[in-house]
Each structure stands twice: as structure tokens, then as C-alpha cells.
Amino acid sequence: MAKLTVDDQDYDVADGNNLLHACLSIGLDLPYFCWHPCMGSVGACRQCAVKQYADENDERGRVVMACMTPASDGARISINDKQAKDFRAGVIELLMTNHPHDCPVCEEGGECHLQDMTEMSGHTTRTYDEQKRTHNNQYLGPLINHEMNRCISCYRCVRYYKDYAGGRDLDAMGAHHHVYFGRHTDGVLESPFAGNLVEVCPTGVFTDKTFSAHYSRKWDLQTSPSVCQHCAAGCNITPGERYGTLKRITNRYNADVNGYFLCDRGRFGYGFVNSDDRVTQPLARETINHADNTNSDTAIQCSTENSLTRLTQALKDPATIAIGSPRASLESNFALQSAVGESRFYRGIAPSEDTTINTLLKFQQSSCVNSASQRTIESCDAVLILGEDLTHTSPRTALSLRQTVRQRARELADEARIPFWQDAAVRELAQQEKSPLFIINTHKGDLDDIAENTYFNSPQKIARLGFAIAEQLRDKSGALSASLTPEEKEMCSTIVNALSQAKRPLIIAGASLLNEDVLNSALDVIKSLHINREEVIQAHLVVPEVNSIGLAMLTQSSAERSLSEALKQIESGAAKRLVVLENDLYQRVNPEKLDAALEKLDEIIVIDHVWHNGMAKADLIIPAASFAEGDGTVVSSEGRAQRFFATFPVNADNSSANDSWQWVNQALDNRWKNFDAIVNACAESNDLLAPIADLAPPADYRQHGLKVPRMSHRYSGRTALSANINVSEVKQPADPQTALGFTMEGSNVNAPGPLRNTAWAPGWNSNQSIHKFQDEVGGPLTGGSSGLCLFGSAESNELEFGVPSEQTSNADFSAIPFYHIFGSDELSNFAAPIAERSPQAYLALNPLDAAQLDLTQGDGATLRFENLQQVFSLTVVIRPELIRGLVGLPIGLGGLTRHLLEHSPLLEKNLAWQRVPSGRDQNVIATDQSIGLSEGLVP
Amino acid sequence: MLSQLRTLWTVLQHTFTKADTVEYPDVMPYLPPRYRARIVLTRDPDGEERCVACNLCAAACPVDCIALQKTEDDEGRWYPEWFRINFSRCVVCGLCEEACPTHAIQLTPDFEYCEYNRQNMVYEKEDLLISGTGKYHDYNFYRIAGKAISGKDKGQARNEEQPINIKSLLP
Ligand code: SF4
Ligand code: SF4
Ligand code: SF4
Ligand code: SF4
Ligand code: FES
């Protein structure tokens, strides 16, 4: 603790920070632009000036930049000093001279840090009436708007984009007041984290294009605390709704998980909620007899009562089985599981995934491993990634890893006694020095540029290398290491050295390759490292979907629960009816087998919120609420259970959608009184899940007798928004399930962390106001972060892993999955801008394999699979790093699904293929990055 | 006693003064242009919709009786997709007009807009939009704002220099 005197008031502040950080942490208002809690200080904007005094007796003092001055013990400063105030007023006036007269037509207006700071610095009238410099804008893709006139040259965007997120196609160009922040030419911003510019830029230069398309001001949005549904990283989000449309997603601060940043899939992938493909009414299949004696099936709208009766009958029938979903909440899965009983509830994931996730879950509970949060990941100093292309399988984690490799810079800064927040100095000092990061995978990925070493081979070889590392860590120079090539041997010993010398090594692996051996080898490395270092090892084990872990936990006690078991039950005739929860089974198992199985059933009921193939055979479709209209709990890769709350109520006039658990509950005659009751029942049913009862205050939680409001106190248009339908205002819908209300009454100022939906404080309208709700700037939220980790290191769980043999298969090719942040996630693909960003379906081949098949980049190939009818016509992409015999298939694109990887692919040239003319898409231009690697890596 | 008599005398005197009340509707009172009653949406001097759908009027409205949705044309000009005022709630306070940065929303002296059916008090954009500029004849927001729209590119607004050529090496 250091003593700091501000305007003759004494405060205790944390050591080692700068004055700006200290002042904001104790709740004082001090304007700033270029400083960011995650990016440190560079002193570019000069807005944070304060007066610093040498000692008690110093009367004159001197003006310093608060962000560049350490808050040393005993420092005495003044924010209100006239000279400092005048300095700040002068700076803002200068920054504003060229600012356009744009606020009314600016998406930032009303949540603009520049507006706030201008007000705070007292600059309210423009005196400059000379000419303003102007800039032309650039087209930056379907996600982000560019309006360069509004720039104040604070440099935050390039510091975020290049230094923090590792992007290469945004830069500062020009000199003095001509400086321009953009790309070297129009085109899509390539970084999958570009969306954060919207929140990082303190002005309206970068704004959310998807939000602008149906724009509303921040104060007019109804918001709730929520969790991103597009991967298992568990990022916290604030969805905003108005007029029944989900209008945007913004970051919701969580110190342990996403901090201040999201990925673009999470930020822009919300379109499915507003999609025309939403199921809004229960639909039943009816067979119509035509006059000419033929029959055809149509879907007939069915009343809620009828569908409930049918659901009740199905759930009571002992010949019914139910299939849960890793993208549905714990509560919905639990409701269905308890309705049909554990023995008739199946997990609803592909068999190949099932085994890996179960192994992973068992391992996470052993005492040798700690599941690392994003914050912990950033504090590690040596990383081994085995078989994960993180940017595309757990994007936010990839962004964290870019900070992890800066541990080395931190060490160097400590040695040189430079505080880490002196960003420019530390980067200058560290240059290219990085903490070691090793990537072992089947193909190149977006993190390779920060890796010390990379190694690409087949899954089998990767696993053997992994086991060899584990073996060496256990100090056995055994048979396995001997079988390695010299290159592999060297890689192996570098990794072993780095991992044993690091202060805090981190292992990252996961289920993405759908290969048990690769995962096992990583787990073996963790185990050996644990033995080697005699400490708990940090690991982050990635699973594919938002609630993969939750679903696995819910069903851990029951052994055989995968989809193939469910299909066996159907094929054997033991199951007559099927209830499917929020799941498109065609994405998960062989469609031919599935078709045959579904034919045998008497009744199929699907509960889901968007249309998908899995509904084509349903006899009854029940409309579920999406995450934006429902409440629930999900468990992330890290094992963190987090609650999401409905952002807006379902409009009963045009939709009968309801939480899936509610449908089941109503069919069971309201077995659970309310949401809290089902949460508690779920917590009690399973030791692993016990903590979920304490995730958020219960529904009867009140502050001054009121619920926490979802609307801001300035929410407008209450008496007009539905006046076209009926001039008498309807009562605000009630929310009996949670402690939040669909109302403006009450205040969220003192809301506990899990209920904090949005941040606003007097004078701080932008998202930067979050520091008013943190214990310390960049620290946890006041009132507790949201989420509890469910992985306890309960008992030491001795798992043994078998090393895969070096078998050679007879097949010419084997398929491996490629993932794409835009395209591999089922739900975000419904959003048009995400679809626009996702590549065309392709297949990736080694150049020699391609040559053998007489294929070159851009040719067409016909892809078949052994024992499958399906045929795919795909464009060929040459990947030099891909090992011979591997075919990379982009999961989620062009109907390529995970289950295909279980079959051997058969390839031949497609002679009828029409090449797409080069210069395919004007918007996707080859940048420095892709030219450097290889022409046209991305199809 | 004296004061009571004086009061009676004053009251009596009023018998002979001219009445303030007028025989409405036979006689129409004079209402100054700044009188606050029925609200209109005006057009700029070029005849385009002035409203840019900034939502400030809606935020300022103390009875929350304005709702609208922003949209934009192909060239980036913002305007309301729909704009609704529930006059059955409006207290003609004029705060929307105060808040409007474009002089789009204006109160007029026309107070004769009663209805038997309250539902008819709900006005949509078609009902609100007039063809003229209202009280402010010259103001044209987009000629001052930096945002480019059809017919006004970067550098063409008031007091704007031509856009910077970022490829130029000159200082
Ligand atoms: S950036 Fe802020 S100050 Fe500038 S026009 Fe937009 S809202 Fe106004
Ligand atoms: S574009 Fe935004 S973040 Fe970048 S320098 Fe300008 S104001 Fe700062
Ligand atoms: S990393 Fe995953 S959870 Fe986080 S925002 Fe992206 S898709 Fe959502
Ligand atoms: S304040 Fe004016 S410009 Fe803004 S929405 Fe209202 S009428 Fe339109
Ligand atoms: S915030 Fe201190 S100089 Fe910019």
C-alpha cells in the first residue's frame, strides 16, 4: 500500500501503479483517452494532466501526466488545481478543433468517451471556427464502420489491434494532424478480434455495423447479464434489445474470463435470435389425403395445450428416450433427464467426442491439474499447445495467449525496474523476446507467429510426440523417445527444458481433433509435469460447445450415454418415442444411419429455437426460447458455471416460445415451482453441480424493495412504442423467475456482479464506466465476479494412458478437422455478416498428394466417404505444411460435419469443376500477412 | 371596513373594462408562432427530411411519448424508419424541440387536434411530416455535419478542408 494525497485528502492505493490508475481506483474522476487498463500508458493524448507537488511545503508544483507518473508512496497531487484544469481544458479544445458536428448521426453518441471527457474537462462551447481537416473513410468489412473524421489520434486502436491482438492490417499513417488510422487499402479487417475496436476506440471512428443497421441508443436498450453461446470459453456478454429485436452484444467485464474483450464470433454472431428461421409456434405433422389418393405431410400449427399433452404422454411413456444437448442449459438438460430418468437420457454428442470429453472431465477432477482461467493463462510463462487451433476453437483463449508470451517482457521490465504499464518502454526493451510457446498440431494456425517452435504432423504422430515429452519429463529416456526423428527429438527436449524451467508452465489441449490419443498424450504431459515439478499444473482443456462440460457432468455417473447408444436403442426397437432437446442430430451422426433409425420411431418431438435438418422428421416441434429470452446455467471449458438471464420477454402476441425446461416442467405438472427450484434440484442431484445453487441471488432478491432493472433510468418511448397497437399501455411483463425485472424501476448501481447487466455512472456514459464498479481498476467486480469453478481437485484420480502404436492404415487418406471462427459454429452462421466472413467450403491437401491426383489450388475435387452415400464437390486448397495422406475438412462449412471424420475419405478430380475467377472477392484482399505465408491460403 | 369597500369598488370598476375571453370558436385568438401545441416534423431547405433519428427528443420527453427507429439510405443518410408520437400522453412541454439538434421536431400553434377516440391521437411519421421548414428556414444539419451523404461528400460541409491525401509525403 502506498499513501497518496489528492487535493489534500489522504488515500491508500496499491503499489506500483500510475497516478491515473490510482485516482480511478479510489473513485475520483480524471479524464483520459490513450491509457487502457489492459494496454498501459503511452502518454499520447495529454488529457490526464494533474499537478504534482514535491512535498508538503511545495506550493508551486508541476503539471504531469497522471498515466505516466508512478503513484509512489507519499505522493501529493491535485486534480482540481487551476493550472492542471486549464491544461486539460486546453488539450480537449485542441483535440476537438477538427471534430465533426456528428453526434446526432454517430453510433457512439450517448456512450461516447469523448463526449464524457469533453464535458468533464469543461469544454462546452466551440470557439475555433477555422477550417476542419477531413478524411475519407474505408470499407472495413461487414462488421465494422469507419468514420475517420471523428478521430482524436489517441492511438488506442493500433495499440490494441497490433500490439495486443496481433493484427497486421491496421496502422497509423501520415504525420501531424493528418494521421490516419486504417488499412493500407479498403478491405475486410482480418483480425477475428477486430470487433473490440468498437469499445476500445474512445470515439465513433469504429462502430458496430450490425448494430447500426437497427440502431438504438445505449439508454434505450434493455440488457441483462449473459454468457456467450458460441464456444466454450464462457465469455460474459451484455446483449441489448429494443422493440423485440436483439440489437447488439457488448462485452460484460469479468476479471477472470474475458476481461475487456470478446471475439468477433461472440460479438456479431447474435443474428439467429432475430432470424426468420426461428420457431415461434408449436407445429405438428399432419398427413393430408389428396383427392388422387396420395398422401403428403404438412406442418400444422398446434395449440400450446395440445403440444403439452403430447409432450406429457411422451415423457410418461417408458418406451421414450430423450437426447440432451451441449448447447442447451443445465436446467433444460436436467429437466428432461429427470423427466425420462437417467437411464433413458442420452448426451446428444458424437461418439468420438463423447469419449474425449469424458476423459477430459475425469482428468480435470484429479489433483495434479488446475483448470486455468483466462487471467491465469495470461500469468503463465511457458506454453505447450497440443492439437488445438485456438483462434478457431476457443478464440478468446488465443487472445489471452498473446499476452501470456509477454511474461518474458514483464521479467525484463522488472529487471530494468520499469513498471509494466510503461507500455512503449517495455515493448522497446523486450523487442521480439517472448516467453516460449510451442504449437503441435496438424496444420498452421493464427498463433504460429508468436510461437517459438511449431510442429505439424498427423494426429497419431502428434500423440506419439506428446507421449515422448511426457516420458522425458518423467526422466525416462525410454523407447518412445528413441523412435523419434532427430527433428522431433530436438523439439521434444526444447519443450521439456522450457516446461521444467518455467515458473508456471501451461498445457493447452482439447477435444477439437476428435482424437483420444492426442488428448491423452497432453494429459500424460500434465501428469508427468506434475510428478516432475511436484506441484499442481496449469492446464486449459478446450471443449467444443458452450455447455459441453455441463452436459458431461450431468451424465457422468451413467456410463454409455453417447448418441450411438441412443441409436442402438432405437434400432433394437426398445425405444418407440424420442424427445430431442435443442440439438440437430444430423450434425452429429451419420445421416443415413440416423434416417433409418428415425423411421422406426412412433413419435419424434423436437424442442428447439431455430429450424434445422433435425426437425424435418419431427412429429411435433416445440418452440424453445433462445439464450436472449431464457434463463439458464452453462459450464465453460474452464469448468466455470455461469448464469445467463433473459434479456427480453418473449412477445406472447406472436410467439409461444418458452425455456425448454419450462416446457418439460409444465408437461410434468409443474414439478418445479420456479427457476430457483429447478436450479436447486439440479444442484442437489449431483455433487459436481452443487455450487450452481449459489451462482446468483435468488428471484426474491431485492434492493430497497426493488428488483434489479433491465432498462436504464433514461429508457425512452414507454408510452409510444406499442401505441400503434393499443394506445393504452400494457403492463410491463413480470419476471417471476429471476431477481431482474423487465422494468426501469430500481437501480443496478449496487447490483452484485452476477446481476450486473451494464455499466453507467454519472458523467461516464461509455463502457469505460466499468471502473466505477471494480474493486480496483482491472480487478474483480464489486459484489463478486460471476461464475464458480466446478472442477474441484477432489481425489487423486489415477488415469493411465496407452501410447498409440505406430500403425499404418490401408486407406490412402484420413480426414482431419479444420475449424473456422466464422463458419464452424452452428448458431452464429445464421447471422448474415458472419456468413459473409466465413470462407467457402474447401478441402485442404498436401501439394504432393494434390499433384498425384492432378489437382492444383482452386481445382475441384469430389469427396466421398467409405460406407457413405454423401458426395461433396469442393474446391482444393493446397496446404504445404499438411502431412501427406491427410485431408483437412472445414467443419460446419458446406455440410461438412464432425461425424464424417469417422470414415475414410475417397478423393478424385472433379473434371466438371468451374474455377472461381481469381480476384474472387473484392473484399478479401491479400494482405502482407497472407502474401508472406503462401498465396491464397484462405479459399 | 374601509378595505372591504375598496374591494367592492374595484370589482365594480371591472364591469366596465373590456373582456379578455374571446368567443372561441367564432372568434379565433391570436397565438404567436412560438405557441406550443401540435408537433410536426419539418424538412430542411433542400426538401429532405430533417429528422436524423438521433433519439434525443425521445430521451428528453418527460412522458416518454415519442418512439422511433433509425434507418439509413444507401449513401449513409440517417432518417427515421418510423416515428410515433402518442399525443394522448404529450404534455406539449416543448422539451423535444429544445433537444432536437436539427430543428426537425417543432411545436406549432395548432391546438385543435382533439379526438373522440383516443387511439386516433397516435400519430405516425406520415401524419407528422410537413413539407416545409417550419419556424427555422435556413438550418440544414447535414451541411454542417461531417458525415457524407448523397450530394455532399467529405470536405464539402461548412468549414471543411478537402480530405487529406494519406499517400502524400508532403508535410
Ligand atoms: S465520436 Fe462522440 S463526440 Fe464525436 S461525433 Fe461521435 S458521439 Fe459525438
Ligand atoms: S481511431 Fe479511435 S482509437 Fe484510433 S486513434 Fe482515433 S480516436 Fe483513437
Ligand atoms: S471466445 Fe467463445 S465465448 Fe468468447 S466471445 Fe468468442 S465465441 Fe463467445
Ligand atoms: S431530436 Fe430531432 S433529429 Fe433527433 S430524433 Fe428527434 S426529431 Fe429527429
Ligand atoms: S491518458 Fe494520460 S496521456 Fe493519454
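Relevant structure appears above.
Read on for a plain summary of the structure.

Rules used in this analysis
- Residues numbered from 1 in each chain as written.
- Chains lettered and ligands numbered in written order.
- Predicted model: local features only at pLDDT ≥ 70, side-chain atom pairs only at ≥ 80, totals over all residues.
- Heavy atoms only, no water.
- Helix = DSSP H or I, 4+ residues; strand = E, 2+ residues; numbered from the N terminus.
- Rg over C-alpha atoms; globule rule 2.2 N^0.38 Å.
- Buried < 20%, exposed > 50% of the residue type's maximum accessible area, 1.4 Å probe, protein only.
- Areas by Shrake-Rupley, 256 points an atom, 1.4 Å probe, with all protein chains shown as cover.
- Lys, Arg positive; Asp, Glu negative; His and termini not counted.
- Charge placed at Lys NZ, Arg CZ, Asp CG, Glu CD.
- Contact = heavy atoms within 4.5 Å.
- Buried area = accessible area lost by both parts, 1.4 Å probe.
- Salt bridge = Lys/Arg side-chain N within 4 Å of Asp/Glu carboxyl O.
- Polar contact = N/O pair within 3.5 Å; in protein donor to acceptor, adjacent residues only side chain to side chain.
- Pairing = 2+ DSSP bridges.
- Near = heavy atom within 4 Å.
- Nonpolar A, V, L, I, M, F, W, Y, C, P; charged D, E, K, R; others polar.
- Core = buried A, V, L, I, M, F, W, Y, C linked by side-chain atoms within 4.5 Å.
- Phe/Tyr/Trp six-rings, centres within 6.5 Å; stacked < 30°, edge-to-face > 60°.
- Lys NZ or Arg CZ within 6 Å of the ring centre and 35° of its normal.

1. Digging into the overall build of chain B
Piece 1. For chain B, the count of helices and strands is five helices and six strands.
Piece 2. Going from N to C terminus, chain B has its helices and strands arranged as α-β-α-β-β-α-β-β-α-α-β.
Piece 3. In terms of overall size, chain B is more extended than a compact globule, its C-alpha atoms giving a radius of gyration of 24 Å where 171 residues would be expected to give roughly 16 Å.
Piece 4. The buried share among the 171 residues of chain B stands at 39%.
Piece 5. Carbon and sulfur atoms make up 53% of the accessible area of chain B, which totals about 10300 Å².
Piece 6. Separation between the mean location of the 20 positive side-chain charges and that of the 25 negative ones in chain B comes to 5 Å.

2. Some words on the interface of chain A and chain B
Piece 1. Taken together, the contact pairs 48 residues of chain A with 44 residues of chain B.
Piece 2. Of the roughly 3700 Å² buried between chain A and chain B, counting both surfaces, carbon and sulfur atoms make up 51%.
Piece 3. Area buried by chain A at its contact with chain B is led by Val105(A), Thr134(A) and Val727(A), which between them contribute 17% of it.
Piece 4. Here chain A and chain B share four salt bridges between them.
Piece 5. For Glu147(A), the salt bridge identified is with Lys154(B), shortest N-O distance 2.3 Å.
Piece 6. The interface formed by chain A and chain B holds 26 residue pairs in polar contact (both at pLDDT 80 or more) in total.
Piece 7. Counting residues per element, the side of chain A that touches chain B draws most heavily on strand β6 (residues 132–134) of chain A, at three residues.
Piece 8. Judged from the two bridges that link them, β6(A) and strand β6 (residues 160–163) of chain B form a sheet pairing that is parallel. Bridging from a neighbouring strand, Thr134(A) pairs with Pro163(B) of β6(B).

3. Description of the site of ligand 4
Piece 1. The local shell around ligand 4 holds 13 residues, among which Cys51(B), Cys54(B), Asn55(B), Cys57(B) and Cys100(B) are the closest.
Piece 2. Residues that form the shell around ligand 4 fall into these classes: eleven nonpolar, two polar and no charged.

4. As for the site of ligand 1
Piece 1. Contacts to ligand 1 come from His99(A), Asp102(A), Cys103(A), Cys106(A), Glu108(A), Gly109(A), Cys112(A), Leu114(A), Gln115(A), Thr203(A) and Gly204(A).
Piece 2. For the shell around ligand 1, a count of residues per class yields four nonpolar, five polar and two charged.

5. Comments concerning the nonpolar core
All names here are of chain A.
Piece 1. Formed by 94 residues in total, the largest nonpolar core has its most connected members in Leu315, Leu384, Ile440 and Ile469.
Piece 2. For this core, the element with the highest residue contribution is helix α16 (residues 459–473), accounting for eight residues.
Piece 3. Contacts of Ile469, omitting those with residues within four sequence positions, involve Leu384, Ile440, Cys492, Ile495, Val496 and Val525.
Piece 4. Core analysis: the next-biggest nonpolar cluster, separate from the first, contains 57 residues, Cys157, Met173, Leu197 and Ile439 among them.

6. Notes on the sheet that holds strand β32 (residues 788–789) of chain A
Piece 1. Here we have three strands laid out as an open sheet, ordered β28-β29-β32 (chain A), and antiparallel in their pairing. Across the chains shown, the open sheet's two edge strands, defined by having one partner strand only, are β28 (632–635) and β32 of chain A.

7. Details of the pattern of salt bridges
All names here are of chain A.
Piece 1. By the definition in use, this model includes 50 salt bridges over all chains.
Piece 2. Here Asp608 and Arg327 are joined by a salt bridge, their closest N and O atoms 2.8 Å apart. You can see Asp608 sitting in strand β26 (residues 603–608) and its partner Arg327 sitting in the loop between β17 (320–323) and α9 (330–340), a full 281 residues away along the chain. For the residue pair Asp608 and Arg327, the accessibility class agrees, reading buried in each case.

8. Some details on the packing of aromatic side chains
Piece 1. Applying the stated criterion across every chain yields a total of 21 aromatic pairs over all chains.
Piece 2. Measuring from centroid to centroid gives 4.9 Å for Phe211(A) and Tyr215(A), while their planes differ by 55 degrees, and the two rings are tilted.
Piece 3. Residue classification places Phe211(A) among the buried residues on the basis of a relative accessible area of 3%.
Piece 4. The exposure class of Tyr215(A) is buried, given its relative accessible area of 1%.
Piece 5. Aromatic pair Phe87(B) and Tyr113(B): ring centres 5.1 Å apart, planes at 75 degrees, arrangement edge-to-face. Of this pair, Phe87(B) sits in the loop between β3 (78–86) and α3 (95–99) while Tyr113(B) is found in the loop between β4 (105–107) and β5 (122–123), placing the two residues 26 residues apart along the sequence.
Piece 6. Residue Tyr113(B) is classed as buried on the basis of its relative accessible area, which comes to 12%.
Piece 7. An aromatic cluster is defined as three or more aromatic residues linked by ring pairs; in this entry it consists of Tyr160(A), Tyr164(A), Tyr253(A), Tyr260(A) and Phe261(A).
Piece 8. When the ring centre of Tyr346(A) is taken as reference, the NZ or CZ atom of Arg561(A) above it lies at 4.6 Å.
Piece 9. Over the ring of Phe773(A) we find Arg756(A), and its NZ or CZ is 3.8 Å from the ring centre.

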